[in-house]
Amino acid sequence: MKLDVFTLFPEAFDWFLGQVHLRRAADLGLQVNLWNYRDYTPLNAGQVDDAPYGGGAGMVLRIDVLCAALEAVFGQDCAALKDQRRVVELTPKGRQLDDALAAELAAADLCLLCGRYEGIDERVEHVVTDRISIGPYVLSGGEVAAMALTDAVVRKLEGAVSNPESVVSESHSPELNGGVEYPHYTRPAEYRGWRVPDVLVSGNHAAIARWRAGQVRTR
Ligand code: ADE
């Protein structure tokens, strides 16, 4: 799987890409490339944004800058790219990311477009296949959203997470009918009077399975 991320802040991804499941995914063939719009701008002095038509607060990432970056990197018309891969704008105005969408995205090559300031010129609609939000709140830019989306997608790639079972029946998955997972406890069995449920230390695996299924139903 190929993942190309366009951003004004590629260094924001340094810590994230060093995480063990990302490195594991890279060993299994995930190719992540970070591209800075500013490196491809056709404008003077590294300009990438401009004031909004009609007035108003903030700056808008220019569509000519975005297309110049995509065309320099992929060597083709920016509007034709969507025939080959999912081109995703991260925006609070987008469709909300969920487990099913993460699984769907894991099956494609992806190009993620991060906006800053007031976002990207609306004509980005001619370039993208998807506009995705990670939740009903506004972040300062698309980078954190791109990392959240990448994390959710990479967990769906076979082999990226060391214990595959932990991915199959995790919260929001189809296996749990979109519900949340049962609670987890570890040692000590009692701490400050806070006790682990007796059934979990009983050694009775059938009873434990029943208890966990009950927790999934009621949560
Ligand atoms: N950019 C700013 N806020 C965002 C959000 N909630 N989701 C995706 N991208 C964003």
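Here the structure is shown first, and the text comes after it.
Parameters at a glance
- Residues numbered from 1 in each chain as written.
- Predicted model: local features only at pLDDT ≥ 70, side-chain atom pairs only at ≥ 80, totals over all residues.
- Heavy atoms only, no water.
- Patch = residues over 30% accessible without salt bridge, like charges linked within 9 Å, V, L, I, M, F, W, Y side chains within 5 Å.
- Areas by Shrake-Rupley, 256 points an atom, 1.4 Å probe, with all protein chains shown as cover.
- Salt bridge = Lys/Arg side-chain N within 4 Å of Asp/Glu carboxyl O.
- Helix = DSSP H or I, 4+ residues; strand = E, 2+ residues; numbered from the N terminus.
- Polar contact = N/O pair within 3.5 Å; in protein donor to acceptor, adjacent residues only side chain to side chain.
- Contact = heavy atoms within 4.5 Å.
- Buried < 20%, exposed > 50% of the residue type's maximum accessible area, 1.4 Å probe, protein only.
- Near = heavy atom within 4 Å.
- 1 Å grid on protein atoms, 1.4 Å probe; cavity = no way out; pocket = protein on both sides within 12 Å on 5 of 7 lines; lining within 4 Å.
- Sits in = over half its atoms within 2 Å of the grid points.
- Nonpolar A, V, L, I, M, F, W, Y, C, P; charged D, E, K, R; others polar.
- Points joined across faces, edges and corners; volume = space filled by probe spheres on them.

### Things to note about a nonpolar patch on the surface
So, step 1. A contiguous nonpolar patch, built from Tyr 137, Leu 139 and Val 144 and spanning about 260 Å² of accessible area, is present on the exposed surface.
So, step 2. Summarising the element assignment, Val 144 is placed in helix H5 (residues 143-154).

### Section: the side chain of Thr 41
So, step 1. Looking at the element boundaries, Thr 41 is found in the loop between strand E2 (31-36) and strand E3 (49-50).
So, step 2. One polar contact links the side chain of Thr 41 to the main-chain amide nitrogen of Leu 43, over a distance of 3.1 Å.
So, step 3. Once residues lying within four places of it in the same chain are set aside, the contact partners of Thr 41 are Gly 46, Gln 47, Val 48 and Val 65.

### Some details on unusual backbone geometry
So, step 1. Following Arg 187, the chain continues into Pro 188 via a peptide bond in cis, with omega recorded as 0°.
So, step 2. Positive phi values are uncommon outside glycine, yet Ala 45 reaches one of about 55°.

### Examining the environment of Gly 56
So, step 1. Here Gly 56 is to be found in the loop between E3 and strand E4 (60-61).
So, step 2. When its relative accessible area of 62% is taken as the criterion, Gly 56 is described as exposed.
So, step 3. Between the C-alpha atom of Gly 56 and that of Gly 119, which follows or precedes it by 63 residues, the distance is 13 Å.

### A few points about the site of the ligand
So, step 1. Surrounding the ligand, one finds Leu 90, Thr 91, Pro 92, Ile 132, Ser 133, Ile 134, Gly 135, Tyr 137, Val 138, Leu 139, Gly 141 and Ala 145.
So, step 2. Contact between the ligand and Thr 91: a nitrogen atom at 3.2 Å from a main-chain N or O atom of the residue.
So, step 3. Ile 134 places a polar main-chain atom, nitrogen or oxygen, 3.0 Å from a nitrogen atom of the ligand.
So, step 4. For the ligand, the protein covers 96% of the area, taking 260 Å² as the surface of the free molecule.
So, step 5. Its atoms largely coinciding with the cavity grid, the ligand occupies the largest pocket.
So, step 6. Elements supplying a minimum of two residues to the shell around the ligand: strand E5 (86-96) and strand E7 (130-133).
So, step 7. Each residue belonging to the shell around the ligand can be placed in one class, and the counts come to eight nonpolar, four polar and no charged.

### A short note on the pattern of salt bridges
So, step 1. For the structure on display, the rule yields 13 salt bridges.
So, step 2. Here Asp 121 and Arg 123 are joined by a salt bridge, their closest N and O atoms 2.7 Å apart.
So, step 3. Residue Asp 121 is classed as buried on the basis of its relative accessible area, which comes to 16%.
So, step 4. Note on Arg 123: relative accessible area 42%, which makes it partly exposed.
So, step 5. A salt bridge links Arg 195 to Glu 190; the nearest nitrogen and oxygen atoms lie 3.3 Å apart.
So, step 6. Residue Arg 195 is classed as exposed on the basis of its relative accessible area of 52%.

### Some words on the layout of surface pockets
Where empty space is left can be seen by rolling a probe of water-molecule size over the atoms.
So, step 1. In this structure, the largest pocket spans a volume of roughly 360 Å³.
So, step 2. Considering the residues around the largest pocket, the lining is formed by 23 residues, among which Leu 90, Thr 91, Pro 92, Glu 118 and Gly 119 are closest to the centre.
So, step 3. Secondary structure elements with two or more residues in the lining of the largest pocket: E5 and E7.
So, step 4. Counting residues per element, the lining of the largest pocket draws most heavily on E5, which supplies five residues.
So, step 5. Across the lining of the largest pocket, the residue classes break down as nine nonpolar, eight polar and six charged.
So, step 6. The space that makes up the second largest pocket amounts to roughly 260 Å³.
So, step 7. Lining of the second largest pocket is provided by Asp 50, Ala 51, Pro 52, Tyr 53, Val 60, Leu 61, Arg 62, Ile 63, Asp 64, Asp 121 and Arg 123.
So, step 8. Looking at the lining of the second largest pocket, the elements with two or more residues in it are E4 and helix H3 (63-74).
So, step 9. Each residue belonging to the lining of the second largest pocket can be placed in one class, and the counts come to six nonpolar, no polar and five charged.

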